[in-house]
Amino acid sequence: MSAAPTSTVAVQAAGVSKVFNEGLANEVTALQDIDLSVREGEFVSLIGPSGCGKSTLLRVIADLTHPTQGTIEVAGMPAAAAREQQRYGMAFQQAALFDWRTVRRNVELPLELQGWSKDRRQARAMELLEMVQLADFASHRPWELSGGMQQRVAIARSLAVDPPLLLMDEPFGALDEMTRERMQNELLRIREETGKSIIFVTHSIPEAVYLSDRVVVMSPRPGRITHVVPVDLGPRNEDTREADAFFDAVTAVREALRGHGGGTVRAKAGEV
Amino acid sequence: MGGRLRSVWPPLLIGFLFLAAWQLLVIVQDLKPYLLPAPSLIASNFFGDLGLMSSTAIYTGTTALLGLAFGTILGIVAALLAARFSIVNNIVTPLAAGLAAVPIIALTPILNNMFNITSRTPRVLVTVIIVFFPMFVNITRGLLQVQPVQLELMRSMNASPRTVLRILRIPNAVPFFFTGLKVAAPLAVIAALVAEYFGGPQEGLGSRIASSAANTAYGRAWAYVVASIILGLLFYLAVLAVERWTAPWVGHRRST
């Protein structure tokens, strides 16, 4: 997006490595020497083949797993503190909704854990369901909703405590192409309305390019960042997907994924 | 709902045809009641003394219900401990499996000696032991088989293990609880009934089936068997009703 991000840092990873089964025969270096800085309000995608550590990187940032080396700061504090203080919201490929709760009470979950009063969290949940255009489904059960709708509920839930950062692990990976494109527009709209910083893991090059200010390209064995592709396509709309600049950026990311070039590949900035 | 109703008719029809064939067989072959009493004879015994039938069933049903209740509570407590502490899980699970392999009902005469044979206690105890295993195994599975992504979500929201238990594991175990209960409830009736064959108070179904058969009142013995079947079915249907009422989400699994 062209909206100038502020200079404040949302996420700062410095020298992060993650080794699984250290010292054992099946030792795997999932992440090696990762330096990544995400500005406040920035949309950054992590892309790469399976096993490149993009999900692991997201989990390290979320403090769901600990780095073997290096430091992570989220919102200016260590990752653990950021998690404890709910400075980020998370969405996964699976919506991970609880069947025994209504849609509204699923969105209320993080607020409930924070000890919000019933009235306040109901009001907040309805506000969020309004935002993801599911207010009419508040008292439905998750299984009555389509996959895309379930994912919108999950996004609403991740926004519940109004964290400055969203961590998204292939949230649209299980959706069909049409739904997926709709969800992408939806996410950009929500980002526009809320000004969140977003780190988004995906397999899809067009998805990464369409959504992001920067695409971080990773490669496996050991998982590391090989390229960072800035994307400057201006405000997105349906025409963006057919613009030359869009395809240029897609090509730049694809070549980066193939290992062409070194360092930073520049996508041509173009008018849409 | 309409589909449910339609699915009820075929078994009813088969049941009716089966009874008709049975009646016919008895008449045509002129079978003696000690071999096989006619459905009409069983029915006249059953309906002829409906009061006694129901009071007898209530006696055994009470034993079964007490055993089911205590066995379920025991199963829940053990499962919660097993889910919380893997040490408990490692100790209790093999023990429970061992317990399931013991022919519990054969222990009834011993339990009768250990406890007061004139009381209900040994029978309830047998029922408790029978009920415990399916309840414990199913609830433990429900508490532990949580989607990894749901656990990550809870952790991302900074939930303590206790909160995870309350918000995620226990609700997740509810369908498993009912699976266990659907097995355990009819088993409780069978256990309570069979335990009565080994002496003690005579007002239960098991005692009356045995004494009727011993007194060549075959129609009556079979009438008590019918009452036993009805009792077992009632237990099962009661579980279904409670499940529908308290956990309407059971049976609905979403795709993602």
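You'll find the structure just up there.
From a predicted model like this one, the values you see are computed outputs, not experimental measurements.

Draft legend 1. Structural detail: the overall build of chain B. Along chain B, the regular secondary structure elements total ten helices and zero strands. Mapped in sequence order, the helices and strands of chain B form the string α-α-α-α-α-α-α-α-α-α. If one aligns the C-alpha atoms of chain B with their principal axes, the spans along those axes are about 75 × 50 × 30 Å. In chain B, which comprises 256 residues, the share counted as buried stands at 37%. A separation threshold of at least 6 residues defines the contact pool for chain B, and within that pool the share at least 24 residues apart is 75%.

Draft legend 2. Representation of the sheet that holds strand β2 (residues 28-39) of chain A within the structure. Residues and elements named next belong to chain A. Spatial ordering of the open sheet is given by β2-β1-β4-β5, a layout of four strands whose pairing is antiparallel. Each end of this open sheet is capped by a strand with a single partner; those strands are β2 and β5 (77-78). By the bridge criterion, two bridges tie strand β4 (residues 69-74) to β5 in an arrangement that is antiparallel. Looking at β5, one finds that glutamate 73 is bridged to proline 78.

Draft legend 3. A look at the interface of chain A and chain B. With 21 residues of chain A at the interface, the matching set in chain B holds 18 residues. Residue assignment for the side of chain A that touches chain B shows that the elements contributing at least two residues are α2 (79-84), α3 (103-113) and α5 (147-158) of chain A. Within the side of chain A that touches chain B, the residues separate by chemical class into 13 nonpolar, four polar and four charged.

Draft legend 4. Structural context of the sheet that holds strand β8 (residues 197-202) of chain A. Residues and elements named next belong to chain A. The strand order across the open sheet formed by six strands is β6-β7-β8-β3-β9-β10, and the pairing between neighbours is mixed. Of all strands in the sheet, those with a lone pairing partner are β6 (88-91) and β10 (224-230), marking the two edges. Pairwise comparison of adjacent strand axes, ignoring direction, gives a mean angle of 20° for this sheet. Set on the sheet, α5 makes contact with β6 and β7 (165-169); between it and β6 the angle comes to about 165°.

Draft legend 5. Spotlight on unusual backbone geometry. With an omega dihedral of -10°, the bond running from arginine 221 of chain A to proline 222 of chain A counts as a cis peptide bond. Even without glycine at this site, aspartate 162 of chain A takes up a positive phi of about 55°. Along the chain, aspartate 162 of chain A falls in the loop between α5 and β7. Accessibility expressed as a C-beta count within 10 Å gives 12 for aspartate 162 of chain A, which makes it exposed. The backbone phi angle of asparagine 158 of chain B is positive, close to 60°, even though this residue is not glycine. Residue classification places asparagine 158 of chain B among the partly exposed positions, given that 17 C-beta atoms sit within 10 Å.

Draft legend 6. Representation of helix α4 (residues 86-101) of chain B. Look at α4 of chain B: 23 Å from first C-alpha to last across 16 residues, which is about the 22 Å you get at 1.5 Å a residue. The buried fraction of α4 of chain B amounts to one of the 16 residues, a small share that puts the element mostly on the outside.

Draft legend 7. Inspection of the pairing of strand β1 (residues 9-20) of chain A at higher detail. All names here are of chain A. As paired elements, β1 and β2 share eight bridges and run antiparallel to each other. Opposite glutamine 12, over in β2, you have serine 37 as the bridge partner. With five bridges connecting them, β1 and β4 associate as antiparallel partners. Each residue of the ladder has a partner; that of alanine 14, found in β4, is threonine 71.

Draft legend 8. Examining the pairing of strand β3 (residues 43-47) of chain A more closely. All names here are of chain A. Judged by how many residues are buried, β3 sits mostly within the fold: five of five residues are covered. Burial along β3 is two-sided: the face carrying Phe43, Ser45 and Ile47 and the face carrying Val44 and Leu46 are both buried. As judged from the five bridges shared by β3 and β8, these two strands associate in the parallel manner. Bridge pairing in β8 links serine 45 to phenylalanine 200. Pairing geometry for β3 and strand β9 (residues 214-219), over four bridges, is parallel. Within β9, the residue paired with leucine 46 across the bridge is valine 216.

Draft legend 9. Region of the structure containing the packing of helix α3 (residues 50-84) of chain B against helix α9 (residues 205-214) of chain B. Residues and elements named next belong to chain B. Viewed as axis vectors pointing N to C, α3 and α9 meet at an angle of 130°, and their least axial separation amounts to 8 Å. Classed by the angle they form, the pair α3 and α9 counts as oblique. Contact with α3, carried on its side by Thr56, Ala57 and Thr60, involves Leu205, Gly206 and Arg208 of α9 and no other residues of that element. Looking at the contact of α3 with α9, its residues break down into two nonpolar, three polar and one charged.

Draft legend 10. Representation of the packing of α3 of chain B against helix α8 (residues 161-195) of chain B. All names here are of chain B. Here α3 crosses α8 at 145°, and the two axes come no closer than 9 Å. Regarding α3 and α8, the two cross each other, and that crossing is right-handed. Across from Thr60, Thr63, Ala64, Gly67, Leu68, Gly71 and Ala83 in α3, the residues of α8 making contact are Arg169, Ala184, Ala185, Ala188, Val189, Ala191, Ala192 and Leu193. Of the residues in the contact of α3 with α8, the class split is ten nonpolar, four polar and one charged.

The rules behind each value
- Residues numbered from 1 in each chain as written.
- Chains lettered and ligands numbered in written order.
- Predicted model: local features only at pLDDT ≥ 70, side-chain atom pairs only at ≥ 80, totals over all residues.
- Helix = DSSP H or I, 4+ residues; strand = E, 2+ residues; numbered from the N terminus.
- Buried ≥ 20, exposed ≤ 12 C-beta atoms within 10 Å, placed from the backbone.
- Contact = placed C-beta atoms within 7 Å.
- Pairing = 2+ DSSP bridges.
- Nonpolar A, V, L, I, M, F, W, Y, C, P; charged D, E, K, R; others polar.
- Axes fitted to C-alpha atoms, helices over the stretch in contact; angles between N-to-C directions.
- Expected span 1.5 Å × (residues − 1).
- Parallel < 35°, antiparallel > 145°, perpendicular 65-115°, else oblique.
- Left-handed = near helix turned anticlockwise from the far one by under 90°.

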